Amino acid sequence: MKKIGILGGTLDPIHNGHLMIAECARDQLSLDEVWFMPTGNPPHKSNQNISPNEVRKEMIELAIEDNNNFKFSDFEYKRDGIIYTSDTMKLLKNAYKDTDFYFIMGADSLMYFKDWHKPEEIVLYCNLVVAGRDNDDSELLREVAILEDKYNINIHVLKSPKICISSSDIRDYINNKFSIKYMVPDSVERYIKNKNLYVK
C-alpha cells in the first residue's frame, strides 16, 4: 500500500510551519508523498475572504518546488458546494484504493475534531496525524487519548519543532507593513509582494 499524507486547510498563504509539519510527517511515518490540498469552500469560513484558487496553487507550487516528495492537489478546491473532510477522504479512498491516507493537522484542529462533520467517517478512511503547537502538550495528549478511545483508533503524534506561525498572522503582518521574512519561503514572499496580496 502506498502511504500518502494530506495537509489541507485554506493555505492562504502556505508558510514554513506547514512545510515543517509536512516534512516531519513524511519522515517519521515513512510517507511516500505529502499532498498539499487547499480547500475551496470550507464550512467554517467565508469564501469571499479566501484568495483565488489559482493564487493559492501558485504559492504552494513555489513553496514545494524543491521537494520531490511534496505534491500539489486540487482534489478539494475543484469541487462545488460546502467541502467537508469526511466527503473528501471518502472520495479519495474510493479513487485510490491501494493507498493509506494520513490526514495531518495541528493541535488546535484536533482539539475540535469531535465537532467536525461526521468525524466517525473521517477515521474510517484515513489515519489521523497531529503536531503540537505550544510548549506544553499535556492537553493535546489528553485529547488524543479521549479520541483514540472514542473512535477506537491510533492517532500519530509527531515530534516536531514548535513553530507558532499562522496564515492569519501572516496576513495581519502584511497588512500592517511588517516583514514576513522567514515565515514563508523566499519565493512565496516575493510572489506576495509582486501580487500585492493581503493588503486591505
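Here goes a summary of the coordinates provided. Along every chain, residues carry numbers that run from 1 in the direction the sequence is written. At least 70 in pLDDT is required for a residue's local features to be given in this predicted model, at least 80 for side-chain atom pairs to be given and counted, and no such filter applies to totals for whole chains, interfaces and linings, which use all residues. To obtain the side-chain values, all non-hydrogen atoms of the structure were included, while hydrogens and water were left out.

## Examining the nonpolar core
Among buried residues, those of type Ala, Val, Leu, Ile, Met, Phe, Trp, Tyr and Cys that are joined through side-chain atoms within 4.5 Å constitute a nonpolar core. For each residue, the accessible area found with a 1.4 Å probe, counting protein chains only, is set against the maximum for its type, and the residue is called buried under 20%, exposed over 50%, and partly exposed in between. By size, the foremost hydrophobic cluster in this structure holds 36 residues, and its most contacted members are Phe36 and Met59. Here a strand is any run of E in DSSP of at least two residues, a helix any run of H or I of at least four, and the numbering for each starts at the N terminus. Elements that contribute at least two residues to this core include exactly helix H1 (16–28), strand S2 (33–36), helix H2 (53–64), strand S3 (70–72), strand S4 (99–106), strand S5 (127–131), helix H7 (167–175) and helix H8 (186–195). Should any heavy atoms of two residues lie within 4.5 Å, those residues are considered in contact. Apart from the residues lying within four places of it in its own chain, the contact partners of methionine 59 are Asp12, Pro13, Ile14, Val188, Tyr191, Ile192, Leu197 and Tyr198. Ranked by size, the runner-up nonpolar core spans 23 residues in total, among them Met105, Leu110, Leu140 and Val144.

## Section: the side chain of serine 187
Looking at the element boundaries, serine 187 is found in helix H8. Owing to a relative accessible area of 13%, serine 187 belongs among the buried residues under this scheme. The term polar contact refers here to a pair of N or O atoms within 3.5 Å; inside protein, the definition further demands a hydrogen-donor-capable atom paired with an acceptor-capable atom, and it admits residues adjacent in sequence only when both atoms are side-chain atoms. Here leucine 62 takes part through its backbone oxygen, which lies 3.4 Å from a polar atom of the side chain of serine 187. Ignoring anything within four residues of it in the chain, the contact list for serine 187 reads Leu62, Ala63 and Glu65.

## Brief notes about the layout of surface pockets
Lining residues are those with an atom within 4 Å of a point, where the points come from a 1 Å grid over the protein atoms alone and group into cavities, where a 1.4 Å probe fits but cannot get out, or pockets, open sets with protein on both sides within 12 Å along at least five of seven lines. Grid points are joined across faces, edges and corners, and a volume is the space filled by probe spheres set on the points. The calculated volume of the second largest pocket comes to roughly 210 Å³. Every residue along the wall of the second largest pocket is listed here: Asp12, Asn49, Ile50, Ser51, Ser168, Arg171, Asp172, Asn175, Leu197, Tyr198 and Lys200. Side-chain classes follow a simple rule in which Ala, Val, Leu, Ile, Met, Phe, Trp, Tyr, Cys and Pro form the nonpolar group, Asp, Glu, Lys and Arg form the charged group, and the remainder, Gly included, forms the polar group. Class assignment of the residues belonging to the lining of the second largest pocket gives a composition of three nonpolar, four polar and four charged.

Function-wise, these values are silent; they only describe arrangement.
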